[in-house]
Amino acid sequence: MNDGARATLQLELATLRPTRLALHLVGLLLAFTAVAPLFWMVSMSFKGANDIFGVNLVPDHPTLGNFLYVFTQVDFFRYLWNTFFVAASVTIVALFFHSMAGYALARLRFPGRDAIFLAMFATFLISQPVIIVPLFILARALHMLDSYAGLIVPSIFNAFGIFLLRQFYLAVPRELEEAAVIDGAGYFRVYWSIILPLSRPILSALAILFFLANWNSFLWPLTITSDQKLWMVQVAIASFRQQYNASWNYIMAASTVVALPTVVMFVIFQKRIIESIKTSGIK
Amino acid sequence: MTNQTKAGASIHRLGPSRRTVLVGAAAGATTLGFPYISRSYAAESLKFWQFYAPGGGVATQSKWFEDMVKSWNDSHDVKVELVYVPNNAYMDGTKLPTAFASGAGPDLFIISPGDFLRYYNGGVLLDLTPFMEEKAREDFFPGVIANRMVDNKIYGLPMEVEPMAMYYSVDAFNEAGLTEKDIPKTWEELLTVGKKLTNDKRFGVLFETAPGYYQNFTWYPFLWEGGGDIQTKEGKSAFNSPAAVQALKFWQDAVNMGVSPRKPLGGGGWDVVPNLASGYCAMQNVGIWAISQLREGAPNFKYGVFKLPTPPGGKYATVGGGWAFVANAKGKNPKAAGEFCAWALGSMSPDSIERVVDWCTKAKSDMPPRKSALEQGKDAYNKGFLKVFADDIYPGARAEPRVPPPVYKAISDAIQACQLNGQKPEEAAAAASQQIDAFLAGYKGAPIL
Amino acid sequence: MVNDALRSDASAIPAARKAAGFRLSNRQREWIAGYLFVAPDALGLLIFVGAPMLLSLSLGFFSVSGFGAYSFVGLANYRRMLADPLFWQSLRVTVLYIVMLVPALYASGLGLALLIQADTRFNGFVRTLLFMPQTVSLVVVALVWQVLLIDKIGVLNRFTSAVGLGSVSWLGDPHFALIAVVVVSIWFLMGFYMLIFLGGLQDIPKEYYEAAKIDGAGPVASFYLITLPLLRPTSFFVLLVSTVTAVCGSQTFDLVYVMTRGGPANTTSLAIFYVYQQAFLFNEYGYAAAMASVLVVVLMLITVLLFMLTRGGRFTYE
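Everything numeric here is computed off the predicted structure, so don't read it as measured data.

So, how was this worked out
Residues numbered from 1 in each chain as written. Chains lettered and ligands numbered in written order. Predicted model: local features only at pLDDT ≥ 70, side-chain atom pairs only at ≥ 80, totals over all residues. Heavy atoms only, no water. Helix = DSSP H or I, 4+ residues; strand = E, 2+ residues; numbered from the N terminus. Buried < 20%, exposed > 50% of the residue type's maximum accessible area, 1.4 Å probe, protein only. Contact = heavy atoms within 4.5 Å. Areas by Shrake-Rupley, 256 points an atom, 1.4 Å probe, with all protein chains shown as cover. Lys, Arg positive; Asp, Glu negative; His and termini not counted. Charge placed at Lys NZ, Arg CZ, Asp CG, Glu CD. Rg over C-alpha atoms; globule rule 2.2 N^0.38 Å. Pairing = 2+ DSSP bridges. Axes fitted to C-alpha atoms, helices over the stretch in contact; angles between N-to-C directions. Buried area = accessible area lost by both parts, 1.4 Å probe. Salt bridge = Lys/Arg side-chain N within 4 Å of Asp/Glu carboxyl O. Polar contact = N/O pair within 3.5 Å; in protein donor to acceptor, adjacent residues only side chain to side chain. Domains from an automatic or database assignment. Nonpolar A, V, L, I, M, F, W, Y, C, P; charged D, E, K, R; others polar. Phe/Tyr/Trp six-rings, centres within 6.5 Å; stacked < 30°, edge-to-face > 60°. Lys NZ or Arg CZ within 6 Å of the ring centre and 35° of its normal. Expected span 1.5 Å × (residues − 1). pLDDT = per-residue confidence, 0-100.

1. Considering the overall build of chain B
- The secondary structure content of chain B amounts to 20 helices and 13 strands.
- Counting only C-alpha atoms, chain B reaches 100 × 50 × 50 Å along its principal axes.
- Counting over 449 residues, chain B shows a buried share of 58%.
- Contacts in chain B between residues at least 24 apart in sequence constitute 74% of all its contacts with a sequence separation of at least 6.
- When the accessible surface of chain B is totalled, it reaches about 17,700 Å², and 55% of it is carbon and sulfur.
- Of note, chain B has its 46 positive side-chain charges centred 6 Å away from the centre of its 45 negative side-chain charges.

Structure representation (structure tokens):
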């Protein structure tokens, strides 16, 4: 770096520092408000049943007993595995299906395209409890009760991802695909070699969101399974509540453990969202 | 021609296997080749849905169910299989309604009085009377079994009775300079004592504030103590009465005076460890289950129990909740299911009575629904707080009313409006009464009790 | 047009197809590709959501006992709905909820994304913290916020008492309960919308910002002239999705259910909560279906309107 450039850089740093610092502080403050309530979750996981609602944030007698109970008295590793398997499967298949559909709805021209999209979007306007009875009957008819298939397959289909991806692909400049199509590439080649890599930021964001939604899902797993061996973690955590007694300490400990994998997912994928794909400025 | 006949004949012969092929194809097409692909649904065993076992939160309760089912399975051909549903999902969730709505309801399950009419009017409850001997039927306390009976036929067998009472913190009393002599006997005393116990870290007395069947359940005794009721003998609403108004006003005053919190801690007013034991409140309106809850969750907490106070000119009453075994009349083997219920809880044989005693005194701390069980368990009922319940609180207990949802909602809205929204009790009672009358005019189901 | 001309001159593949005697026009190829790409999702949605949805909503014309008894009642459920004060109360609560929540989520999602969009390690750390509320289940959310908001001894009340503002029952007072639910909803959901906006911000080519800086535009001007306009697709998406979620999202329902059960005095009884009550606590599936279909129709109207206004969500600038 020559002297002129270094001088410019130093000048930039000097003038930017106060605003940058202020913004950093604001960011930290907001992050603190986001995370502060969760301090109580962690705090409660280390408290015994009798002082879990005590006003102190730091436990008087911290204990690992809750975590020990959750992992030894309950088949929690199994439930974690079940949940991971289901959430990962749904995420991978959904990303694949939804990006194909979103691309086609945004870029390809075929009769009825917009009508199909609106119909798909209409399915987003309904709430799960409303459709749960017919869905249960259907799943039972397809012999999906008490099975991984029953947990995975219905959870894949949700219009949110299609909508988001279509929106994203609408904004992608056409020149890239047109160049490929001129070269005679088939549509699937275009999709696989050009569109997919281009969508890395949005697919990373969706990977996090799909994984999270399926990791913490409760209603459908509860409905479709009666076999405890197939339980997912939120159903298992619900079993810590009895009719007139709730083991809040176990619930908090289990929930702390359950929150960690999704935080890890986020840390891994959030960087990919930020990586700006240099091809956005098409050469 | 020959081919056709042959094909036709082979189709007839292959009837079931052709279906299996189709089922297999469907399963294969729709599943992803993972374990637990296609379950051949074991059609023989009866499924018993409840929120205790196997693997429920309290080991003794889970074991009681498992022992009972094992004992039945060892001596009967038709087996019973326990299916555990987490409590919250069982009570307020979609799992049971979904199962019933799709025609796949469980063969055996448990219900609370609040649910009784919903299931009975839907034609789902099996009449258990034919499976019980006369002596057994009379062994149940009439007040307890009344709300599971229609036309003198029994449709549910109660496992337990859970009366409501008032609990207080000994330390809180001592701090405020109060002793056992100051235990309130009237509503006014309760509020006065509550005020003395209220400070900037604590409330005097806690009542349930979240809307729901439970809140209604805890409020009914205050209606009854003033001589009020939900329905007259002629089937019209009795809710627009001074008794209802004063009961609504009582809870309103408690909140307005700052003596009662607007929101309990933990799961709600039924959760005694986060509220009473943590020091959030000094007195709590909670049921008999608090004894075992405090034993587990706050073993060093010093507390006392007293019966619900009465209004001026009123008579003591309390409400007794408790769940009952029922059999699905539309299940795959209602006869066996009915036999199971009667065998488990409603038989005069010693093991049946013993089972009830074990449930009420060892697995839980509840009052028994049967005279013989009360007699047989008298050792347990002569000690400690169970003695207080047996002597003071239980006599005077009325069974939880079984109200249809619109009536429940009308009363719930009235309680909520008065307790939390400052509405005039007279107006709230009148409005609720109107709604109840409107509903009763078109109601054609079993009588509300 | 240009494309077609270019393509018809193209390479071996169309020629090979011609040679084989099997000729698909480019348009037909596009059609087939389109349908094939859309097929898995279309089929899946049809089977697992569309069909159950149509079945459920059609129950609005029936009286259903929940135990197998169905009787056709025409418009009776809808007439009952119009006369039901609780239905109108639920609609009122829902509208209030939307009006408070949607702008707040938009502003917080966008604000947070802008704040931490630069690719630095510090920002990565802050981003993770901001997203953490999304990673915990709603049971936990309800419980930790209860500790913060409970009467008298809750953290917030101890703070306001200490500074002389007295204390309030955030969850038990009809005047404050809905606000409390909105605040918790924002806290819980802002990470989600931050993520969406982060994805959308990446769409905007950096060259535009550089060009603006060269022209002397400050950060505020860049925001109004570059960021906001180019964020229109994402904004459209966020507004639509947050509105739909506010009306019928599962997490909205779950949050109300665990925190207030629709109380105090029905002041947090959102429409979706009332639908749930009718269906699963009161066994009135037909009535619940009628209400749900009204909600779907209203949302559909909003959707169609927004799509028409934005030409199908197309915000192309080429």
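2. Looking at the overall build of chain A
- For chain A, the count of helices and strands is 13 helices and zero strands.
- The C-alpha radius of gyration computed for chain A amounts to 24 Å, which surpasses the reference 19 Å derived for 283 residues by more than 25%, pointing to a less compact arrangement than a globule.
- Overall, chain A is about 70 × 65 × 30 Å in size when its C-alpha atoms are taken along their principal axes.
- The contacts in chain A between residues at least 6 apart in sequence include a share of 73% that link residues at least 24 apart.
- For chain A, the centre of its 19 positive side-chain charges and the centre of its 13 negative side-chain charges are spaced 3 Å apart.

3. Topic: the sheet that holds strand 3 (residues 108-111) of chain B
Residues and elements named next belong to chain B.
- If you walk across this open sheet you meet the five strands as 2-1-3-12-6, and the pairing is mixed. Of all the strands in the sheet, the pair left with one neighbour each is strand 2 (80-84) and strand 6 (157-158).
- With respect to the sheet, helix 3 (residues 59-75) is in contact with strand 1 (46-50), strand 2 and strand 12 (324-327), its orientation differing from that of strand 2 by roughly 160°.

4. Things to note about the interface of chain C and chain B
- Taken together, the 29 residues of chain C in the interface contact 37 residues of chain B.
- Surface buried jointly by chain C and chain B totals about 2,900 Å² across both partners, of which 59% is contributed by carbon and sulfur atoms.
- It is C:Phe67, C:Lys152 and C:Phe282 in chain C that bury the most area against chain B; as a group they hold 24% of the surface buried on that side.
- The closest approach of N and O atoms between C:Arg261 and B:Asp92, which form a salt bridge, is 3.1 Å.
- On the surface where chain C and chain B come into contact, there are 17 residue pairs in polar contact (both at pLDDT 80 or more).
- Where the side of chain C that touches chain B is concerned, the elements lending two or more residues are helix 13 (250-259) and helix 14 (271-281) of chain C.
- By residue number, the principal contributor to the side of chain C that touches chain B is helix 14 of chain C, which donates four residues.

5. A few points about the domain arrangement of chain A
All names here are of chain A.
- When the domains of chain A are assigned, the result is domain 1 (3-65) and domain 2 (74-278).
- For domain 1 and domain 2, the distance between their C-alpha centres works out to 30 Å.
- With nine residues of domain 1 in contact, the opposing surface of domain 2 contributes six residues.
- Where domain 1 abuts domain 2, roughly 620 Å² becomes buried across the two surfaces, and 78% of that area is made up of carbon and sulfur atoms.
- When the buried area of domain 1 at its contact with domain 2 is split by residue, Met41, Ser45 and Ile52 rank highest and sum to 57% of it.
- Inspection of the domain 1/domain 2 interface yields one residue pair in polar contact (both at pLDDT 80 or more).
- Grouping the constituent residues of the side of domain 1 that touches domain 2 by class yields six nonpolar, two polar and one charged.

6. Regarding the packing of aromatic side chains
- Applying the stated criterion across every chain yields a total of 108 aromatic pairs over all chains.
- Both rings, one in A:Phe124 and one in A:Phe160, keep their centres 6.2 Å apart while their planes meet at 35°; by these two values the pair is tilted. Remark: A:Phe160 occurs in helix 7 (residues 159-171) and A:Phe124 occurs in the loop between helix 4 (113-122) and helix 5 (128-141); sequence separation between them is 36 residues.
- Accessibility expressed as a relative area gives 15% for A:Phe124, which makes it buried.
- By relative accessible area, A:Phe160 is classed as buried at 8%.
- Relative to B:Phe389, the ring of B:Tyr167 has its centre 6.4 Å away and its plane inclined at 50°; by these criteria the two rings are tilted. Here the residue B:Tyr167 occupies a position in strand 7 (residues 162-169), and B:Phe389 occupies one in helix 18 (residues 384-393), the gap between them amounting to 222 residues.
- Each member of the aromatic cluster is reached from another via a ring pair, and the members are B:Phe48, B:Phe51, B:Tyr52, B:Trp64, B:Phe65, B:Trp72, B:Tyr90, B:Trp323, B:Phe325, B:Phe340, B:Trp343 and B:Trp359.
- The ring of C:Tyr257 is capped by C:Arg261, whose NZ or CZ atom sits 4.5 Å from the centre of that ring.

7. With respect to helix 7 of chain A
All names here are of chain A.
- Taking 1.5 Å per residue as the helical rise, helix 7 with its 13 residues ought to reach 18 Å, and the 19 Å between its terminal C-alpha atoms agrees with that figure.
- Counting buried positions along helix 7 gives twelve out of 13 residues, so the element sits mostly inside the fold.
- In this structure asparagine 158 caps helix 7, since a side-chain oxygen of it lies 2.9 Å from the backbone nitrogen of phenylalanine 160.

8. Digging into the interface of chain A and chain C
- In this assembly, 102 residues from chain A lie in contact with 97 residues from chain C.
- Around 8,700 Å² of area is buried between chain A and chain C when both sides are counted, 76% of it from carbon and sulfur atoms.
- Here chain A and chain C share two salt bridges between them.
- In this structure, A:Arg109 engages C:Glu30 in a salt bridge whose closest nitrogen and oxygen atoms are separated by 3.1 Å.
- For the interface between chain A and chain C, the tally reads ten residue pairs in polar contact (both at pLDDT 80 or more).
- If you tally residues by element for the side of chain A that touches chain C, the top one is helix 1 (residues 3-45) of chain A, at 15 residues.
- Looking at the side of chain A that touches chain C, its residues break down into 74 nonpolar, 19 polar and nine charged.

9. Quick notes on the confidence of the model for chain A
Residue and element names in this part refer to chain A.
- Residues at a pLDDT of 70 or more form 91% of chain A, whose mean pLDDT is 87.
- Looking over chain A, one finds the lowest element-wise mean pLDDT in helix 8 (residues 175-182), namely 76, and the highest in helix 6 (residues 148-156), namely 96.
- Predicted confidence for residues 276-283 stays below pLDDT 50, and this span has twelve contacts to residues more than four positions away or in other chains.

10. Observations concerning unusual backbone geometry
- For the peptide bond that leads from B:Ala53 to B:Pro54, omega is -5°, which places it in the cis range.
- With respect to the element layout, B:Pro54 can be found in the loop between strand 1 and helix 3.
- Put simply, C:Gly263 and C:Pro264 share a cis peptide bond, and its omega is -15°.
- Structurally, the position occupied by C:Pro264 is in the loop between helix 13 and helix 14.

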